[in-house]
Structures are given as structure tokens and as C-alpha cells.
Amino acid sequence: KAGVTQTPRYLIKTRGQQVTLSCSPISGHRSVSWYQQTPGQGLQFLFEYFSETQRNKGNFPGRFSGRQFSNSRSEMNVSTLELGDSALYLCASSLEGVGRRGGYTFGSGTRLTVV
Amino acid sequence: KNEVEQSPQNLTAQEGEFITINCSYSVGISALHWLQQHPGGGIVSLFMLSSGKKKHGRLIATINIQEKHSSLHITASHPRDSAVYICAVKRLVNGGSQGNLIFGKGTKLSVKP
């Protein structure tokens, strides 16, 4: 079966711009979560969506937002980009529903560079 | 203090050696994950544990819930095992499994031929 697909793989943006990243989960997976990875902070949780509802949100400013569509595909948006937003953005999908414990399948990530 | 601590940060081994990576956590969890990340960024989920021990090929993962500690062992290490190994815990929230993942800083493993 197809894995988790993230697009684009690489992106270069200018400070102040906004960016939208896309994540298509494994078919049948209803949970999609997003993570930011930087050399200094490591992996940090951004948010999680389940059945089009944001279920959890990490400690990031409001410039970071996301949504999930009825087909479980998810997008995250970062507005007013700052240099510190340069990072690898990873999404993961899971079969997990309420009361279930699912493993995660990660996408290859989008490497965002803000100049 | 980080909620998830891994040791060592860096590890160099000779091919064939037995390797252990440790993970300690300070929060209530519903599950613990071991992840592998190769250069280039892709992350592969190796194990998900909530108790006991799991084995997959040359990899073994154990967890002690009472001591809040987990170990990842690699037997007969090989250069292709060179990667960053990351421990992540799923925080227990309201007795369910809806908490987010909290990650350790990772252990960079290099296996020399």
C-alpha cells in the first residue's frame, strides 16, 4: 500500500511569506499529526487531527495552523515566516481512534528553508 | 529537565557489537515508540511498546513501566544500522490514548566495518 506522502519535498521561502504543506495519509488512517524537527530543538509536536477535528495542539504560535479534509488529507500553514521556521516538517498517520493505540507511519518530510 | 531523556547521545561501535540505547521518561504514558531516522530525514517506526518486550530481527525493545525506562538493543550490529534512534512517548491524558508524542533528543549510532 502507498505510504504517507508529503508535498513538496523541498521549499525555499522569504521571510514574511506564508507556506502551505500537504500530507496524504495511508488509506484508512484517520489520524494525522505534524511535527517540526530542527537541529537545536529536535522533534516537536505541532498538532494532531482526527476525523477533521484538531485533537491536540503543541506549544507553537498561532502562525502555525492546520486542517484536515474529509478524505483525511491534511495541510499545515505557516504565516509570516521567520528565519527560525526553517526546519524539516514531518507528518505521520495512524489508525488510532478513540481508545485505540496505533503505531505511526511517517512521511519523508518537507524541508523548509526561510531566507 | 526534558520529559524524555536518552543516552548515550552518540555511540560508535564496531561491526558485530551488541548495542544498547536507553530511554527514561517522567510522564504517564500510554505507549512508547522507538524510531529510526536515516540521513535525509525519513523516519521509520521500529517498535511500539506498552509493556514487556518485543523483538524484530536483530532488534529488541524492552520497557519497564514501573521504572519508566526502556531500552533498545541491537545484536550483531552492522554498518547499515548507522542512524539516529529516537525514543518517543505518547502522553497519557485522561486515562485514554489521545495525548501527543514527546520525543527524546535521539542517539546517533555509527557502526564501523
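It should be noted that the structure appears before, not after, this text.
Here the residue numbers are simple positions, counted from 1 along each chain's written sequence. Labels are handed out in written order, letters beginning with A for the chains and numbers beginning with 1 for the ligands. Given that this is a predicted model, residues contribute local features only at a pLDDT of at least 70 and side-chain atom pairs are listed and counted only at 80 or more, while totals for whole chains, interfaces and linings are drawn from all residues. As a rule here, side-chain values come from all non-hydrogen atoms in the structure, and water together with hydrogens is ignored.

Student: Quick question: what am I supposed to make of the overall build of chain B here?
Tutor: Helix and strand content of chain B: 0 helices and 11 strands. Listed by position from the N terminus, the elements making up chain B come as β-β-β-β-β-β-β-β-β-β-β. Each radius of gyration reported is based on C-alpha atoms, and the globular scaling rule is 2.2 Å times the count of residues to the power 0.38. Relative to its length of 113 residues, chain B is compact, with a C-alpha radius of gyration of 14 Å against a globular reference of 13 Å. Based on the C-alpha atoms only, the size of chain B along its principal axes is roughly 50 × 25 × 25 Å. Working definition: with a 1.4 Å probe on protein chains only, accessible area under 20% of the residue-type maximum means buried, over 50% means exposed, and in between means partly exposed. Residues classed as buried in chain B amount to 45% of the 113 residues present. Labels follow the DSSP assignment, with helices taken as runs of H or I lasting at least four residues and strands as runs of E lasting at least two, numbered in each case from the N terminus.

Student: Explanation requested: the pairing of strand β1 (residues 4-7) of chain B in the structure shown.
Tutor: Consecutive side chains along a regular strand alternate between the two faces of the sheet. Residues and elements named next belong to chain B. With burial as the criterion, only one face of β1 is covered, namely that bearing Val4 and Gln6; the residues Glu5 and Ser7 on the opposite face remain uncovered. When DSSP locates at least two bridges between a pair of strands, those strands are taken to pair. As paired strands, β1 and strand β3 (residues 19-25) are joined by 4 bridges and run antiparallel to one another. Paired with Ser7 across the two strands is Asn22, which belongs to β3.

Student: Sorry if this is basic, but what is going on with the packing of aromatic side chains here?
Tutor: The description of an aromatic ring pair rests on the distance of the ring centres and on the angle between the ring planes. Stacked, edge-to-face and tilted labels apply to pairs of Phe, Tyr and Trp rings (six-membered ring for Trp) whose centres lie within 6.5 Å, assigned for plane angles under 30 degrees, over 60, and everything in between, in that order. Here the structure, examined in full by the defined rule, presents 6 aromatic pairs over all chains. Between Tyr35 of chain A and Phe103 of chain B the ring centres are 5.3 Å apart and the planes differ by 90°, which places this aromatic pair in the edge-to-face class. Taken together, the positions of Tyr35 of chain A in strand β4 (residues 31-38) and Phe103 of chain B in strand β10 (residues 101-103) put the pair across two chains. Exposure remark for Tyr35 of chain A: the relative accessible area of 1% places this residue in the buried category.

Student: I tried to follow the sheet that holds strand β7 (residues 64-68) of chain A on my own but got confused; where do I start?
Tutor: Backbone hydrogen bonds hold the strands of a sheet together, and the pairing may be parallel or antiparallel. All names here are of chain A. Within the open sheet, the 4 strands sit side by side as β1-β3-β8-β7. Their pairing is antiparallel. Whereas interior strands pair on both sides, the edge strands pair on one side only; in this sheet they are β1 (5-7) and β7. Taking each pair of neighbouring strands and ignoring which way they run, the sheet shows an average axis angle of 15°. Two elements, β1 and strand β3 (residues 19-24), share 3 bridges in a ladder whose sense is antiparallel. When the bridges of β3 are listed, Gln6 appears paired with Cys23. Angles run from 0 to 180 degrees between N-to-C directions of axes, and those axes are lines fitted to C-alpha atoms, restricted for helices to the stretch in contact.

Student: Just checking my understanding: could you explain the interface of chain B and chain A for this structure?
Tutor: Quoted interface sizes are often the accessible area lost when the parts come together. It only takes one pair of heavy atoms within 4.5 Å for two residues to be counted as in contact. Contacts between the two partners involve 19 residues from chain B and, on the opposite side, 23 residues from chain A. Throughout, the accessible surface (probe 1.4 Å) given up by two parts as they are put together, summed over both, is called the buried area. Carbon and sulfur atoms supply 55% of the area buried between chain B and chain A, which totals about 1700 Å² over both sides. Definition used for salt bridges: Asp or Glu carboxyl oxygen within 4 Å of a side-chain nitrogen of Lys or Arg. At the boundary of chain B and chain A, one finds 0 salt bridges. In protein, a polar contact means a hydrogen-donor-capable atom and an acceptor-capable atom, both N or O and within 3.5 Å, with residues adjacent in sequence counting only if both atoms are side-chain atoms; elsewhere, any N or O pair within 3.5 Å suffices. The interface formed by chain B and chain A includes 3 residue pairs in polar contact (both at pLDDT 80 or more). Elements with a contribution of two residues or more to the side of chain B that touches chain A: β4 (29-37), β5 (43-49), β9 (83-91) and β10 of chain B. With 4 residues, the single largest contributor to the side of chain B that touches chain A is β4 of chain B. Tallied by class, the residues present in the side of chain B that touches chain A amount to 6 nonpolar, 11 polar and 2 charged. Side-chain classes are defined by residue name, with Ala, Val, Leu, Ile, Met, Phe, Trp, Tyr, Cys and Pro counting as nonpolar, Asp, Glu, Lys and Arg as charged, and the others, Gly among them, as polar.

Student: What is the right way to look at the nonpolar core in this model?
Tutor: The nonpolar side chains of a soluble globular protein tend to be buried with one another. Only buried Ala, Val, Leu, Ile, Met, Phe, Trp, Tyr and Cys residues count toward a nonpolar core, and they belong to the same one when joined by side-chain atoms within 4.5 Å. If you look at the biggest cluster of nonpolar residues, it comprises 25 residues, and the most contacted ones within it are Leu32, Trp34, Leu72, Tyr85 and Val89 of chain B. Elements supplying a minimum of two residues to this core: β3, β4, β5, β7 (59-64), β8 (69-74), β9 and β11 (107-112) of chain B. The next biggest cluster of nonpolar side chains, apart from the first, holds 21 residues, and it includes Leu21, Trp34, Val78 and Leu112 of chain A.

Student: Please clarify how the state of the cysteines should be interpreted in this entry.
Tutor: Every disulfide links exactly two cysteines, by a covalent bond between their sulfur atoms. Residue and element names in this part refer to chain A. For the purposes of this analysis, a disulfide is any pair of cysteine sulfur atoms at a distance within 2.5 Å. Enumeration over the complete set of coordinates arrives at 2 disulfides over all chains. Here Cys23 is linked by a disulfide to Cys91, with a sulfur-sulfur distance of 1.9 Å. Its S-S torsion of approximately 70° makes the covalent link between Cys23 and Cys91 right-handed. With Cys23 in strand β3 and Cys91 in strand β9 (residues 87-94), this pair connects stretches of sequence that are 68 residues apart. Just as Cys23 is buried, Cys91 falls in that class too.

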